[in-house]
Amino acid sequence: MKFGGTSVRTPEARMQAALKVISAREQGYHPIVVVSAIGRRGEPYATDTLLQVLGEVDRTVDPEPREADLMMACGEIISAVIFATLLKSLGCPSISLRGGQAGIRTDGVYGNARILGINPTGVVEACKRGYVPVVCGFQGVWTGGGLPGAELTTLGRGGSDTSASALGAALRAESVEIYTDVDGVKTADPDFVPSAPTLRRVTYDEVAEIAHLGAKVLHPRAAEIAMKFDIPLWVKSTFSDNPGTEIVPSRELPGRRVTGVTHTGKLVYLQVDLNDARQEHRRDLQARIYEALARYQVNVFMTNLGPTSIGFAVGRELYPEVQDMLDALVLPMPGNEPTVYLVQSTRDETKAFETQKQLLAPLGEVRELKFTVNEACTMVSLVAYDFLQQPGVFLQVLNTLESNGIPVLQTNDSDYSLSCLIPESELRRAVQLLHEAFSLSLAT
Amino acid sequence: MAHDPTEHVSGPFRLEVTNTQTDIPAPDETAFEKGRGLNQIEIRRGFASARVELDADANPSTRLVALKALSKAAISIDFLKFTHDGFSFVVAESDSQRLIDCLTANNYGHEVITDRCVLMAHAVNMRDEEGMVSRIVSDVIASGVSIEHMGEMHDRLLMLMSREDAEHAVNRLRELHPEVTA
């Protein structure tokens, strides 16, 4: 049973969560609890808050990843100790365990470690002795650090879901239950579509795709582990007795269906125009721009490659960094006719740019590559199973949006999803319109 | 009650035991997650790419009319991308003649190229590995391959290209990532 930040945020919420654990125990199960840090950004013991405190020590440098991991892991330790103590106070013997004590062994990538193996002896032993183990989510240990004892590592985004799923797999659990503040996997964000129903069952791939496209229901890594080990996985609410959503393998849920509508956060769409580039240089230019994005570790969405352009979206928070990288980027192309390409935003034609062109002139012909920026975008996606390959689906999606005055700037699709880049101001309406157009209120 | 100083020495399990059931299995250590980065490459064959020309200043409803014609002809499309002078997409190669007939009958300028493949680069949890998508794309293009269309899902990147390019790209990616299975 994994309880997320909102489920352990207040004494009242923790009581609800504790009663779920006690109820499971009374039904004859051996519950094993995994907890996230208490609360969300801005709250005293939340992961982001702890990281912020560390960052304030010296604002000029990022904290060392190792130190950041130790700091962040304190959030789950506090949460686990409080939760175990609460269970004890309710007459339920309990013991808190750090990730390492629960046997979670990872690689040595601080901040985004992968689980290599689990030796759950400590957890099993605690259960045998009648305790409910409360394991700190989001953390494990790396044994290759060279210092006495093991190095604490954190598992990255969605780490507590991953801890729960992996422990469930290691223990061959009857099921893994992820408790949150919603009833399960909804057909849309209930903030946008209050009547969005809760799906009774979805497949691992569908829920991973929903998470990939922005919904924060369950981390894809957790789904991947549960799928690999065939462990039944549930998403449930801490605050209700509704049955929640069961995540199942595709073979258990055949049939064509639309699963839901999801959306990402704020995006910036950039398009580099290669029309002014020599034909023989275009492919190299594409490769070098993507290489620069990889070097700067930029996460891209909506990647689009055409013979005369490159398009991609980045999260709004990353845009200043990407703009710095692209603006005035110099790409020399040697050869019989040496050419130097100078990348420039279309809205920033400065005198400095002209000066730079003159400075580069001795190296060869200087050509400009302009990039356009659309800052106020977001992505709305239809997630479906065995549905998107039907004739007319693109038409229905585009028609739903454009006939209601919502321009679609670009699209992206895969076996499980069809995404549209739209103006951010239209997001709420777009989600509602697609939800209605595909009759998702009737989904079960 | 006085604190028992031996408690820390003897460990927390010294606390009162209320249940001694021992029906929980103690499994051996198990490998859990796939490694980060590219871990599998796959080629899907049998596609055709298409480009439909529209007036550069045409409004979006013109695009919808063209898509309606394709829908009416029961032609399924993937990888739809908008360009400044129309749109492009991918169809099953077996639909390519019907596609040409449909576009011709509706007087759309078009180009249809057959013998296309989709190269699928599998990388679990791509979104949380900063720069991974860009790295794969950069590696593929730098190997001399032309990517004609792209798409992505949670665990893979999909790239449309010619059959020769797909085979070349697979070989190159395997050189760069020896751990990859193809």
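Since the structure is predicted, the reported quantities are computational estimates derived from the model, not experimental observations. (Residues numbered from 1 in each chain as written. Chains lettered and ligands numbered in written order. Predicted model: local features only at pLDDT ≥ 70, side-chain atom pairs only at ≥ 80, totals over all residues.)

J.: Explain the overall build of chain B to me, and be specific about the residues and the numbers.
T.: Summing up its helical and strand segments, chain B has 5 helices and 6 strands in all. Scanning chain B from its N terminus toward the C terminus, one meets helices and strands in the order α-β-α-β-β-α-β-α-β-β-α. Taking all 182 residues of chain B together, the buried fraction comes to 41%. Taking all contacts inside chain B whose residues are at least 6 apart in sequence as the whole, residues at least 24 apart take part in 71%. (Helix = DSSP H or I, 4+ residues; strand = E, 2+ residues; numbered from the N terminus. Buried ≥ 20, exposed ≤ 12 C-beta atoms within 10 Å, placed from the backbone. Contact = placed C-beta atoms within 7 Å.)

J.: Explain the overall build of chain A to me, and be specific about the residues and the numbers.
T.: Tallying secondary structure elements over chain A gives 12 helices and 21 strands in all. With respect to the three principal axes, the spread of C-alpha positions in chain A is 80 × 55 × 35 Å. Per-residue burial for chain A yields a buried fraction of 50% across its 444 residues. Restricting to contacts in chain A with at least 6 residues of sequence separation, those with at least 24 account for 70%.

J.: Any details on the interface of chain A and chain B? Residues and values, ideally.
T.: Counting residues at the interface gives 66 residues for chain A, matched by 57 residues for chain B. Per element, the largest residue contribution to the side of chain A that touches chain B is 7 residues, and it comes from helix α8 (residues 282-295) of chain A. In terms of residue class, the side of chain A that touches chain B is built from 29 nonpolar, 23 polar and 14 charged. (Nonpolar A, V, L, I, M, F, W, Y, C, P; charged D, E, K, R; others polar.)

J.: Please provide a residue-by-residue account of helix α4 (residues 132-142) of chain B, values included.
T.: Counting along an α-helix, one turn takes 3.6 residues, and residues three or four places apart therefore face a common direction. Across the 11 residues of α4 of chain B, 10 count as buried, placing the element largely inside the fold. Here the buried face of α4 of chain B lies against α8 and β15 (301-306) of chain A together with β4 (109-122), β5 (149-153), β6 (156-162) and α5 (163-176) of chain B. At the exit of α4 of chain B stands Gly144 of chain B, carrying a positive phi of roughly 95°.

J.: Residue-level account of the sheet that holds β4 of chain B, with values.
T.: Residue and element names in this part refer to chain B. Spatial ordering of the open sheet is given by β2-β3-β1-β4-β6-β5, a layout of 6 strands whose pairing is antiparallel. Each edge of the open sheet is held by one strand with a lone partner, namely β2 (78-83) and β5. When the angles between neighbouring strand axes are averaged without regard to direction, this sheet yields 30°. Pairing geometry for strand β1 (residues 40-53) and β4, over 12 bridges, is antiparallel. Counterpart to Ile41 in the pairing with β4 is Ala121. (Pairing = 2+ DSSP bridges. Axes fitted to C-alpha atoms, helices over the stretch in contact; angles between N-to-C directions.)

J.: Summarise the nonpolar core; cite the residues concerned and give the values.
T.: Grouped together as the largest cluster of nonpolar side chains are 181 residues, with contacts concentrated most on Val33, Val135, Leu167, Val207 and Ala313 of chain A together with Leu119 of chain B. No other element matches strand β19 (residues 365-385) of chain A, which puts 9 residues into this core. Those residues within four positions of Ala313 of chain A in sequence are excluded, and the remaining contacts are Leu267, Val268, Tyr269, Val300, Phe301, Met302, Cys377 and Leu421 of chain A. (Core = buried A, V, L, I, M, F, W, Y, C linked by C-beta atoms within 7 Å.)

J.: Help me get a handle on the sheet that holds strand β6 (residues 132-136) of chain A, residues and values and all.
T.: Residue and element names in this part refer to chain A. Pairing within the open sheet is mixed, and its 8 strands lie in the order β3-β6-β2-β1-β9-β11-β12-β10. Because the sheet does not close on itself, it has two edges, and the strands there are β3 (94-97) and β10 (201-203). Pairing analysis gives 2 bridges linking strand β1 (residues 2-3) to strand β2 (residues 33-35), with the strands arranged parallel. The partner of Phe3 across the bridge, within β2, is Val35.

J.: Go over the domain arrangement of chain A, please, and point to the residues and values.
T.: One frequently used descriptor of interface size is the decrease in accessible area upon assembly of the parts. Residues and elements named next belong to chain A. By domain assignment, chain A separates into domain 1 (2-252), domain 2 (268-375) and domain 3 (376-438). Measuring from the centre of the C-alpha atoms in domain 1 to the corresponding centre in domain 3 gives 32 Å. Counting residues at the interface gives 12 residues for domain 1, matched by 10 residues for domain 3. Looking at the side of domain 1 that touches domain 3, the element that brings in the most residues is helix α6 (residues 204-212), giving 4 residues. (Domains from an automatic or database assignment.)

J.: Which residues make up the packing of helix α11 (residues 393-402) of chain A against helix α2 (residues 60-72) of chain B, and what values go with them?
T.: The angle between the axes and the distance between the axes are what describe a pair of packed helices. Interhelical geometry of α11 of chain A versus α2 of chain B gives an angle of 155° and a closest axis separation of 9 Å. In terms of orientation, α11 of chain A and α2 of chain B fall into the roughly antiparallel class. For the crossing formed where α11 of chain A meets α2 of chain B, the hand is left-handed. Residues Phe394, Leu395, Leu398, Asn399 and Glu402 of chain A of α11 of chain A touch α2 of chain B, and the partners they reach there are Pro60, Leu64, Leu67, Lys68 and Ser71 of chain B. Here the residues of the contact of α11 of chain A with α2 of chain B sort into 6 nonpolar, 2 polar and 2 charged. (Parallel < 35°, antiparallel > 145°, perpendicular 65-115°, else oblique. Left-handed = near helix turned anticlockwise from the far one by under 90°.)

J.: Can you tell me about the pairing of β19 of chain A, naming the residues and giving the values?
T.: Looking along a regular strand, one sees side chains alternate from face to face of the sheet. All names here are of chain A. Bridge analysis of strand β13 (residues 257-263) against β19 gives 6 bridges, and the strand direction is antiparallel. Directly across from Val261, in β19, lies its bridge partner Leu382. Bridge count between strand β14 (residues 267-273) and β19: 5 bridges; the pairing is antiparallel. Note that in β19 the partner of Leu270 across the bridge is Val373. Alignment of strand β18 (residues 339-345) against β19, held across 7 bridges, turns out to be parallel.

J.: Before we move on, could you go through the environment of Met227 of chain A and cite the residues and values that matter?
T.: Residue and element names in this part refer to chain A. Along the chain, the position of Met227 falls in helix α7 (residues 220-229). Take Met227: there are 21 C-beta atoms within 10 Å of it, and that puts it in the buried class. Sequence-distant contacts of Met227, that is, excluding residues within four places in its chain, are made with Tyr204 and Pro249.

J.: Hey, could you go over the pairing of strand β11 (residues 233-237) of chain A for me, with residue numbers and the actual values?
T.: All names here are of chain A. The pairing of strand β9 (residues 176-180) with β11 spans 5 bridges and is parallel. The residue bridging Thr180 from the neighbouring strand is Ser237, located in β11. Relative to strand β12 (residues 245-248), β11 is paired through 3 bridges, and the arrangement is antiparallel. Each bridged residue has a counterpart across the sheet, and for Leu233 the counterpart in β12 is Ile247.

J.: Summarise unusual backbone geometry; cite the residues concerned and give the values.
T.: Residue and element names in this part refer to chain A. A positive phi angle, near 75°, is found at Phe138, a position not held by glycine. Relative to the helices and strands, Phe138 resides in the loop between β6 and β7 (139-142). Phi angles above zero are rare outside glycine, and Arg172 is one such case at about 50°. Positionally, Arg172 belongs in the loop between α5 (159-170) and β9.

J.: Just give me the short version of the environment of Glu125 of chain A, but keep the residues and values in it.
T.: Residue and element names in this part refer to chain A. With respect to the secondary-structure elements, Glu125 resides in helix α4 (residues 121-128). Judged by local crowding, Glu125 falls into the partly exposed class, with 15 C-beta atoms found within 10 Å. C-alpha separation for the pair Glu125 and Arg278, spaced 153 residues apart in sequence, amounts to 68 Å.

J.: Describe the packing of α11 of chain A against helix α12 (residues 427-437) of chain A, listing the residues and the values that go with them.
T.: Residues and elements named next belong to chain A. Taken N-terminus to C-terminus, the directions of α11 and α12 make an angle of 135°; their axes are 10 Å apart at the nearest point. Taken as axis vectors, α11 and α12 run oblique relative to one another. α11 and α12 meet at a crossing whose hand is right-handed. Across from Gln396, Val397, Thr400 and Leu401 in α11, the residues of α12 making contact are Ala430, Leu433, Leu434 and Ala437.

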